[in-house]
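Coordinate inspection notes
The lines below spell out each chain.
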Amino acid sequence: MSEAAHIPFTESKAPESAERLHRGALGLIDISASTMANIGPAYSFYFAFAGIVIAAGLASPLVVLVAAVAIALLGNTLSQFSRAHPSTGGFITFVGKTFGGTSAVTTALVAGAGYIIAISSVLVISGGFLSIMIQYYTGTNIPWIIFSAIFTAGAMYMMFRGVAVSTKLAGFFFAFELVVLLVVSVAVLIKDGGHLSGVPFEPSHITNHFSGLALAFPLAIYLFIGWENSAALAEETTNPRRNVPRAVFLSIALMAVLYLLVAYATVTGFHYNATALEAPLIPFIAVAHSVAAWLAFIAYLAGLTSTLGVLIAAVNSQCRLIFNAGREGLLPRWIGYVHPVRRTPVNAIIAFVGIAGAITLVWALGHWIGGHGNSLSALNFFFESSTMGTILILFVYLAANVALPFYYRKYRPNEFHIIKHIVLPVLAVVVVAIPIYYLFKPPQPQPYNWFPWVGLGLIAVAILYSIWLVRRDPGLGDRVGSIVADE
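In this text, all values refer to a predicted model and were calculated from it rather than measured experimentally. One numbering rule holds for all chains: residues counted from 1, following each sequence as written. Reporting of local features is limited, given that this is a predicted model, to residues whose pLDDT is at least 70; pairs of side-chain atoms are given and counted only at 80 or more, and all residues count toward the totals for whole chains, interfaces and linings. With hydrogens and water excluded, all non-hydrogen atoms of the structure serve as input to the side-chain values.

**Re the packing of helix α7 (residues 163-191) against helix α10 (residues 240-269)**
- For helices, the fitted axis covers only the stretch in contact; all axes are lines through C-alpha atoms, and the angles between them, taken along N-to-C directions, range from 0 to 180 degrees. Secondary structure is summarised from DSSP: a helix means a run of H or I of at least four residues, a strand means a run of E of at least two, and numbering begins at the N terminus for each. Viewed as axis vectors pointing N to C, α7 and α10 meet at an angle of 40°, and their least axial separation amounts to 9 Å. On the basis of the axis angle, α7 is oblique to α10. Here the hand of the crossing between α7 and α10 comes out left-handed. Touching F174, L178, L181, L182, S185, V188 and L189 of α7 are M255, L258, L261, V262, Y264, A265, T268 and G269, all from α10. Throughout this description, any angle smaller than 35 degrees is read as roughly parallel, any larger than 145 degrees as roughly antiparallel, any in the 65 to 115 degree range as roughly perpendicular, and the remainder as oblique. Crossing handedness: left-handed means the near helix sits turned counterclockwise from the far one by under a right angle, and right-handed means the same turn made clockwise. Working rule for contacts: check all heavy atoms of both residues, and any pair within 4.5 Å makes them a contact.

**Focus: the environment of A358**
- Relative to the helices and strands, A358 is located in helix α14 (residues 346-369).
- Residues A358 and S120, 238 residues apart in the sequence, show an inter-C-alpha distance of 8.9 Å.

**A word on a nonpolar patch on the surface**
- Each patch is assembled from residues with relative accessible area greater than 30% and no salt bridge, linking like charges that lie within 9 Å and nonpolar side chains (Val, Leu, Ile, Met, Phe, Trp, Tyr) that lie within 5 Å. Calculation of accessible area relied on Shrake-Rupley with a 1.4 Å probe; when residues are assessed, cover is drawn exclusively from the protein chains displayed. For salt bridges, the criterion is a side-chain nitrogen of Lys or Arg within 4 Å of an Asp or Glu carboxyl oxygen. A contiguous nonpolar patch, built from I418, I419, I422, V423, V426, L427 and V430 and spanning about 540 Å² of accessible area, is present on the exposed surface.
- One can find V423 in helix α16 (residues 418-440).

**Side note on the packing of aromatic side chains**
- Pairing of aromatic rings covers Phe, Tyr and the six-membered ring of Trp, with a centre-to-centre limit of 6.5 Å; geometry is then stacked below 30 degrees between planes, edge-to-face above 60, and tilted otherwise. By the definition in use, this model includes 35 aromatic pairs.
- Ring centres of F91 and Y397 lie 5.7 Å apart, and the angle between their planes is 65°; on these two criteria the pair is classed as edge-to-face. In this pair, F91 is assigned in helix α4 (residues 91-99) and Y397 in helix α15 (residues 378-411), connecting sequence segments 306 residues apart. Each member of the pair, F91 together with Y397, is buried.
- Seen from their ring centres, W363 and F381 are 4.6 Å apart, and the 65° between their planes marks the pair as edge-to-face. Of this pair, W363 sits in helix α14 while F381 is found in helix α15, placing the two residues 18 residues apart along the sequence. Of the two residues examined, W363 and F381, each falls in the buried class. Three labels apply to residues, based on accessible area from a 1.4 Å probe with only protein chains included: buried if under 20% of the type maximum, exposed if over 50%, partly exposed otherwise in between.

**A short note on the side chain of D30**
- Checked against the element boundaries, D30 lands in helix α1 (residues 28-39).
- Counted as a polar contact is a pair of N or O atoms within 3.5 Å, where, for protein atoms, one must be capable of donating a hydrogen and the other of accepting one, and residues adjacent in sequence contribute only when both atoms are in side chains. A polar side-chain atom of D30 sits 2.9 Å from the main-chain amide nitrogen of G27.
- Residues in contact with D30, not counting those within four places in the same chain, are A25, T167 and K168.

**A word on the packing of helix α6 (residues 144-161) against α7**
- Their axes nearest at 5 Å, the elements α6 and α7 cross at an angle of 135°. Accordingly, the angle class assigned to the pair α6 and α7 is oblique. Residue-level contacts link M158, M159 and R161 of α6 to V165, S166 and L169 of α7.
- As a working rule, the residues Ala, Val, Leu, Ile, Met, Phe, Trp, Tyr, Cys and Pro are called nonpolar, Asp, Glu, Lys and Arg charged, and the rest polar, with Gly in that last group. By residue class, the composition of the contact of α6 with α7 is four nonpolar, one polar and one charged.

**A closer look at unusual backbone geometry**
- Going from P442 to P443, the amide bond is cis rather than trans, its omega being 0°.
- Inspection of the secondary structure assignment puts P443 in the loop between α16 and α17 (451-472).
- Look at N208: it is not a glycine, yet its phi comes out positive at around 60°.
- Within the secondary structure, N208 is located in the loop between α7 and α8 (210-222).

**Quick look at the environment of Y438**
- Here Y438 shows up in helix α16.
- The class for Y438 is buried, based on a relative accessible area of 17%.
- With 224 residues separating them in the primary sequence, Y438 and A214 have C-alpha atoms 7.5 Å apart.
- The contacts of Y438, once residues within four sequence positions are left out, are F210, A214, L215, P218 and Q444.

**Comments concerning the pattern of salt bridges**
- All chains considered together, the criterion is met by six salt bridges.
- Here D473 and R479 are joined by a salt bridge, their closest N and O atoms 2.8 Å apart. Note on accessibility: D473 and R479 belong to one class, buried.

**Some thoughts on the nonpolar core**
- Ranked by size, the top nonpolar core spans 165 residues in total, and within it Y46, F47, F224, W227, V315 and Y397 carry the most contacts.
- At 19 residues, the largest contribution of residues to this core is made by helix α13 (residues 293-327).
- Residues in contact with W227, not counting those within four places in the same chain, are T35, I39, I71, L74, G75, L78, F91, V248, I252 and Y397. Take the buried Ala, Val, Leu, Ile, Met, Phe, Trp, Tyr and Cys residues and link them wherever side-chain atoms come within 4.5 Å; each set so joined is a nonpolar core.

Structure follows, in structure tokens:
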């Protein structure tokens, strides 16, 4: 028998010398801008707010406020972990460090699947939005897949060049959409300044009261998805124990203020008419057009740059989660390769985007085989894949909040604080459980009715695989979190 036969698990064991990213390349402003670009306020608001309005009515801004408080609770969990153990692995490291190797591999698989499925919606809508915009202004129908392929290739090129240049580009796109959202919102409020009202923040105006709030709540949470971006950039950030928590709360606070302003302006622009508010596909652009046609045009441009910013920022951070999992041996180690010059996780980027592209292809084939080829619109895929990805990501959030008190009791008992490490995580568990419940609650239209069961099936498979892998490689649990960002 050859010597190689005596060396099992070479595809999962971490290399003796860990691959390191470009340490110290980013500052607080960089990771905050990247996080907000990942959230993509124009992208998220354009496509989610119409659903929030349908569920909650005129008091939709109040739902956004409740969601912002909920996300702040989740932000506490991420911040507490990042102060104690900054890691490119983010939630994967935090859960795995607390509960062991099996939980780490399970979280790596579930988080990786959730983020990849979600990013596939961004790949598609980046081209789909431009296709919609061209058709609106010229009447020409150009297939979205052409634009999506071009944008994805361009984004990957920028990410290969280095984290600093790609992060700054995402920040530039974010700055543009931020200015547009502010300009349009202020213009609407000035135009309708004679009849401003507190109606959008009055609980009595929520459709069906608590039921309407609960139904709209998952969509409002979706507005903030990407808020955890900065944790995965910890290794490339100066003083990550301080700057990552600051970036988390700074990003959440600024996005909350922006969303409340934009949501209030949108509802006001429709003169508090619920029926009119529910009619357009993108209410904010309709409101911008009511003020001036050129405002609608730059609002469209902001939507486009927002999707590109999300594409770059999301892949940049989320691919680093699977990169770190590969580097520590939770996933195949080739994913943990770093370019020797640019210090970028090239294999993780290729794997992340490649699998997302394959998911898009399978989705298209499924529609063709099922006789629904006429529904291959970018918007259909966006809503379906973003919902499926969000279900898995919510379970990762849930696990992280459950882990926080155990982690501090186990590793930092002298720093244990009843409010920070018990009360707030418990509230965060409740906050995450609400959208999970409503995403599972029947009746759901097809194909959404089977998404929850697919999610549970993926989690079950991930657990079984994790148990098998840890039994084959008992040292795996010790490697979880072994690479600390600032060491």
